[in-house]
Amino acid sequence: MMDTEESERMSVLLSQLLEKDIGTKEEVEIRRKTLLFKEKYDNANNKNNSIFNTGSSAEGFSLRGSDNDAMIVDKSILILNSEQPIPPNSEYDMILAMKEADNCQRGYVNLEIVLWQRCRQPLYKSFHRVGKKTLISSETYREEHIKQSQNLGFNVATHGPSSGAEATLRSAAFDVVHAFHCPDWPKEATEWKTRMRLYGWPSKTTFDKIIKGGCHIVPVGDKSSGNTLLQWRISFAYAERLLVHSLNHTQFKVYGLLKILLKNMKESLENVFKDEDVLSSYILKTIVFHAVENTPEAFWNEKNHFICFWFCFNILCSWVKAGYCPQYFIPQNNLFKRHIHGQNKQILLHILNEIHQMKWMCLSIGTYVRPSIMDILLDKGYQSELMQQQTAIQSEAVNDLQILTSVVTKLSLMPVPCTKQICHTLNALLSLTKSEIDELLACYSATKILSLCGMRDYQTPTQSACNKSRYRHMKRCKNLLMPRAAWCSEILYVATLCYLTGNVRSTLEICGKITSTFQYYPGCSQDVFRKQYEMYMRDYCGHGSTLLNKLQRVFSSSIYFLKQCPAFCLPHLQPEFDELPLHGYIRIPPLPYASFLTFICYHDLGDTRGRDNALRHLIAVKYDDDQGGHLHWIVHTLLGICYQTLGDTSRAIRAYEESLMVETLWNPALDRLERL
């Protein structure tokens, strides 16, 4: 049993440890800013739907397994509260009214058509006649969207209101919810609007944003009721994201620690409850909201970190004991009603009581974190490491690399904008710049938009085109690509253009720079990160350079060839390109791509010595910790193409077989093998 002083000391250590797993306040803010910026870009470029990111990633977490979820909101549909009049001269395709649903908990509604001009097929197929009214079936609407996704080749299934795709080597797991927006605060949540708040949380600014933002309606019914066919759930995803973003950093880390505890409990819960999701991250978020609203902010500090966590855990225990978890916005909605009752309730209460008796040692259970949090906290070496304060230069390096990772992760792959939308999109992005980070995001996004236009407009010169016409076209595309070339490895797009237009010498010059200069490639292993972190801190931090200038010099990202830009791709990769779906892409890390491009340039020039050196470099890159063939199937394919070019069929076959061992879901190496 710890005394107060020891508990406070251990709480500070716990808080410092969570900074490493969850991130500093600045790191979390960077993740949020980048994601919100990408969201604004996507929505400025989409006239039919708006995207609203949800899940752990949108909240600011980067824990292993963090959800990458999103709502796709149909802009052509307006939802009204039942008492609201129909707006005159409406431009909406359809207006639906929320009506109280029978035999279910509060927070679930029916949607009745009050005005209909046109609609898309999933919605049209969901019409359900009840007497003289036409309602919309949530189940049919959800299943129709799943059928559409499956027809496009996605392996999706129903997860609550969403359609979810499992993780593959090419993409992370995600859930997508097709939703409608109601611009008004729902009458079902009037109590939250008028609730007495003794401690001033949320702030008036956040409160006003929440009320003004209204709510969303998602296609899922109350599964504890008898018939869910026509029931839709009121979603407060917009409000919840604002509330999580308004938490102070201690509150956010307590929420993160609860999520880690749940992940550590996952195995034992699954062994007992099988497929039943008795506890969810949403319930933990609900607990945190109630706890923060009903305590003074001074309570949430580093010295109280474990006490704050334990306070929330005790709320969970008491709610399970009562069999009632009040939804934060509509307390009459019991989130435990479906799963936590009878024998399930008693079993879960027993598990929680065992954890409760462990107190601090509950941080040692499970396998999600290894070594466990408690093992780390009790290690004297780790303790001294945690208590060391970062220098200003170290903080600068950590923040810079966090920004770089966020930029690459969220903004590397962006859709090609329509010509009419380019000016609108650029204006929307550049008008948002209020800080150095905003300026960086706007600048990088603007350069990507211009380069995407250059790649989209590039066409292979025809023999009939005069030299002047060819030169003018090439110069225009190059001018659009050049701003992006300021970002270290992204100059490889210019190298590609040079090769496609016959300027082999310039291609070789650019590739040589890429293979010989330091660059930071996000997602690297811990050992590589430490080495790169030390080099970056020594060479780029503490010298007064701007964030934009520093990241332009070390920025490293994969090269993407988009199906939407059919002519801007090396002819050597045509089999891979032909297999792409409409919005598909080929992704190649920069080092193997530069080596491959060097190989084909020297081969075209007839320089066998340069060609053989490039091949040896590509073979070495195959074993790179972060850009090598064990992670990227395309690296083996590039080697196979090189061997095939040299007439070495046996090595080419071996390379294509190795490519298939890395990725089998989508890999044209199989076609190359069959042709060989």
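The model shown is predicted, which means the values in this text are computed figures rather than measured ones.

*Asks:* How do you make sense of the overall build of the protein when you look at a structure like this?
*Replies:* For the protein, the helix and strand inventory stands at 28 helices and 14 strands. The C-alpha atoms of the protein give a radius of gyration of 28 Å, which matches the 26 Å a tight globule of 676 residues would have. For the protein, the spread of C-alpha atoms along the three principal axes comes to 80 × 70 × 50 Å. Taken across its 676 residues, the protein has 54% of its residues classed as buried. The long-range share in the protein, meaning contacts at least 24 apart out of those at least 6 apart in sequence, stands at 68%. Summed over its atoms, the accessible surface of the protein is roughly 31500 Å², and 51% of this surface lies on carbon and sulfur atoms. In the protein, 75 positive and 70 negative side-chain charges are present, and the distance between their average locations comes to 6 Å.

*Asks:* Explain the environment of Lys 38 to me, please; I cannot follow it from the model alone.
*Replies:* Topologically, Lys 38 is positioned in helix 2 (residues 25–44). C-alpha separation for the pair Lys 38 and Gln 327, spaced 289 residues apart in sequence, amounts to 30 Å. Apart from residues no more than four positions distant in its own chain, Lys 38 is found in contact with Lys 410, Leu 411, Leu 413 and Met 414.

*Asks:* Looking at this structure, how should I read the nonpolar core?
*Replies:* One recurring pattern in soluble globular proteins: nonpolar side chains tend to sit buried together. Among the nonpolar cores identified, the biggest contains 93 residues, and Leu 111, Phe 309, Leu 363 and Leu 377 are the most heavily contacted of them. Once residues lying within four places of it in the same chain are set aside, the contact partners of Leu 377 are Met 10, Leu 13, Leu 14, Leu 17, Trp 360, Leu 363, Gln 383 and Leu 386. Counting 91 residues, the second-largest nonpolar core is a separate cluster that includes Cys 477, Leu 481, Ile 586 and Leu 597.

*Asks:* What should I look at first to understand the pattern of salt bridges in this one?
*Replies:* Side-chain pairs of opposite charge can arise where the charged atoms are in close proximity. Under the definition given, this model contains 25 salt bridges. Here Lys 550 and Glu 396 are joined by a salt bridge, their closest N and O atoms 2.6 Å apart. Linking Lys 550 in helix 22 (residues 547–554) with Glu 396 in helix 15 (residues 392–411), this pair joins segments that are 154 residues apart in sequence. With a relative accessible area of 3%, Lys 550 lands in the buried category. Within this structure, Glu 59, Glu 240 and Lys 285 form a network of salt bridges that share partners.

*Asks:* Just checking my understanding: could you explain the pairing of strand 14 (residues 585–588) for this structure?
*Replies:* Regular strands show a simple pattern: their side chains alternate between the two faces of the sheet. Going residue by residue along strand 14, you find Ile 586 and Ile 588 tucked away on one face and Tyr 585 and Arg 587 left uncovered on the opposite face. The pairing of strand 13 (residues 559–562) with strand 14 spans 4 bridges and is antiparallel. Bridge pairing in strand 14 links Leu 562 to Tyr 585.

*Asks:* Would you take a moment to explain helix 26 (residues 633–645) for this structure?
*Replies:* Here helix 26 spans 19 Å end to end across 13 residues, near enough to the 18 Å set by a 1.5 Å rise per residue. With 11 of 13 residues buried, helix 26 lies mostly within the body of the structure. Along helix 26, the residues classified as buried are Trp 633, Ile 634, Val 635, His 636, Thr 637, Leu 638, Leu 639, Gly 640, Ile 641, Cys 642 and Tyr 643. Those residues of helix 26 that are buried lie in contact with helix 23 (574–578), strand 14, helix 24 (590–605), helix 25 (608–621), helix 27 (649–662) and helix 28 (669–675). One or two positions beyond helix 26, positive phi appears at Gly 647, with a value near 80 degrees.

*Asks:* I keep staring at the packing of aromatic side chains and nothing clicks. Help me out?
*Replies:* Evaluated as defined, the whole model comprises 32 aromatic pairs. Consider the rings of Tyr 560 and Tyr 585, whose centres lie 5.4 Å apart with planes at 65 degrees: the pair is edge-to-face. Taken as a pair, Tyr 560 in strand 13 and Tyr 585 in strand 14 lie far apart in primary sequence, 25 residues in all. Judged by relative accessible area, Tyr 560 falls into the buried class, the value being 11%. Taking relative accessible area as the criterion, Tyr 585 reaches 22% and is therefore assigned partly exposed. Grouped by ring-pair contacts, the aromatic residues Trp 185, Trp 192, Trp 201, Phe 207, Phe 236, Phe 289, Tyr 328 and Phe 329 constitute a single cluster.

*Asks:* Please clarify how unusual backbone geometry should be interpreted in this entry.
*Replies:* With the exception of glycine, most residues fall at negative phi, and the peptide bonds are largely trans. Here the residue pair Trp 201 and Pro 202 is connected by a cis peptide bond, since its omega of 0 degrees sits within 30 degrees of zero. Within the secondary structure, Pro 202 is located in the loop between helix 6 (190–194) and helix 7 (204–213). Look at Asn 103: it is not a glycine, yet its phi comes out positive at around 55 degrees. With respect to the element layout, Asn 103 can be found in the loop between strand 4 (94–100) and strand 5 (108–116).

*Asks:* Just checking my understanding: could you explain the packing of helix 8 (residues 237–246) against helix 10 (residues 281–293) for this structure?
*Replies:* Think of two packed helices as two axes; the pair is described by the angle between the axes and how far apart they sit. Following both chains from N to C, one finds helix 8 and helix 10 inclined at 60 degrees, their axes separated by 11 Å at the closest point. With respect to each other, helix 8 and helix 10 are oriented oblique. The chirality of how helix 8 crosses helix 10 is left-handed. Where helix 8 abuts helix 10, its residues Glu 240, Leu 243 and Val 244 lie against Tyr 282, Lys 285 and Phe 289. A per-class count over the contact of helix 8 with helix 10 returns 4 nonpolar, no polar and 2 charged.

*Asks:* Please clarify how the confidence of the model for the protein should be interpreted in this entry.
*Replies:* Low pLDDT marks regions whose predicted coordinates should not be analysed in detail. Counting all residues, the mean pLDDT for the protein is 86, and 91% of those residues have values of 70 or more. Across residues 162–172, where pLDDT falls below 50, the model places 34 contacts with residues more than four positions away in sequence or in other chains.

*Asks:* Where do I start with the pairing of strand 6 (residues 127–130) in this structure?
*Replies:* Two strands pair when backbone bridges link them, and strand 6 and strand 7 (residues 133–136) are joined in this way by 4 bridges, in the antiparallel orientation. Across the sheet, His 128 pairs through a bridge with Leu 135, a residue of strand 7. Turn length for the strand 6-strand 7 hairpin, with the two strands adjacent in sequence and antiparallel, is 2 residues, and the turn residue Gly 131 shows positive phi of about 65 degrees.

*Asks:* I tried to follow the environment of Leu 247 on my own but got confused; where do I start?
*Replies:* Along the chain, Leu 247 falls in the loop between helix 8 and helix 9 (249–273). Spatially, the C-alpha atom of Leu 247 lies 18 Å from that of Ile 315, the residues being 68 residues apart in sequence. Here Leu 247 is in contact with Trp 201, Phe 252, Val 288 and Val 292, once residues within four sequence places are set aside.

*Asks:* What am I meant to see in helix 25 here?
*Replies:* Quick reminder: α-helices carry 3.6 residues per turn. Residues three or four places apart thus point the same way. Helix length check: helix 25 (14 residues) gives 20 Å between terminal C-alpha atoms against 20 Å at 1.5 Å per residue, within 8%. Taken residue by residue, helix 25 has Gly 610, Arg 611, Ala 614, Leu 615, Leu 618 and Val 621 as its buried positions. The arc that holds every buried residue of helix 25, seen down its axis, measures 140 degrees, which confines them to one face. Residues of helix 25 that are exposed and point over 90 degrees away from its buried face: Arg 609 and Arg 616. One side-chain oxygen at the N-terminal end of helix 25 lies 3.3 Å from the backbone nitrogen of Arg 609; it belongs to Asp 607.

Thresholds applied
- Residues numbered from 1 in each chain as written.
- Predicted model: local features only at pLDDT ≥ 70, side-chain atom pairs only at ≥ 80, totals over all residues.
- Heavy atoms only, no water.
- Helix = DSSP H or I, 4+ residues; strand = E, 2+ residues; numbered from the N terminus.
- Rg over C-alpha atoms; globule rule 2.2 N^0.38 Å.
- Buried < 20%, exposed > 50% of the residue type's maximum accessible area, 1.4 Å probe, protein only.
- Contact = heavy atoms within 4.5 Å.
- Areas by Shrake-Rupley, 256 points an atom, 1.4 Å probe, with all protein chains shown as cover.
- Lys, Arg positive; Asp, Glu negative; His and termini not counted.
- Charge placed at Lys NZ, Arg CZ, Asp CG, Glu CD.
- Core = buried A, V, L, I, M, F, W, Y, C linked by side-chain atoms within 4.5 Å.
- Salt bridge = Lys/Arg side-chain N within 4 Å of Asp/Glu carboxyl O.
- Pairing = 2+ DSSP bridges.
- Expected span 1.5 Å × (residues − 1).
- Phe/Tyr/Trp six-rings, centres within 6.5 Å; stacked < 30°, edge-to-face > 60°.
- Axes fitted to C-alpha atoms, helices over the stretch in contact; angles between N-to-C directions.
- Parallel < 35°, antiparallel > 145°, perpendicular 65-115°, else oblique.
- Left-handed = near helix turned anticlockwise from the far one by under 90°.
- Nonpolar A, V, L, I, M, F, W, Y, C, P; charged D, E, K, R; others polar.
- pLDDT = per-residue confidence, 0-100.
- Arc of directions from axis to C-beta.
- Polar contact = N/O pair within 3.5 Å; in protein donor to acceptor, adjacent residues only side chain to side chain.

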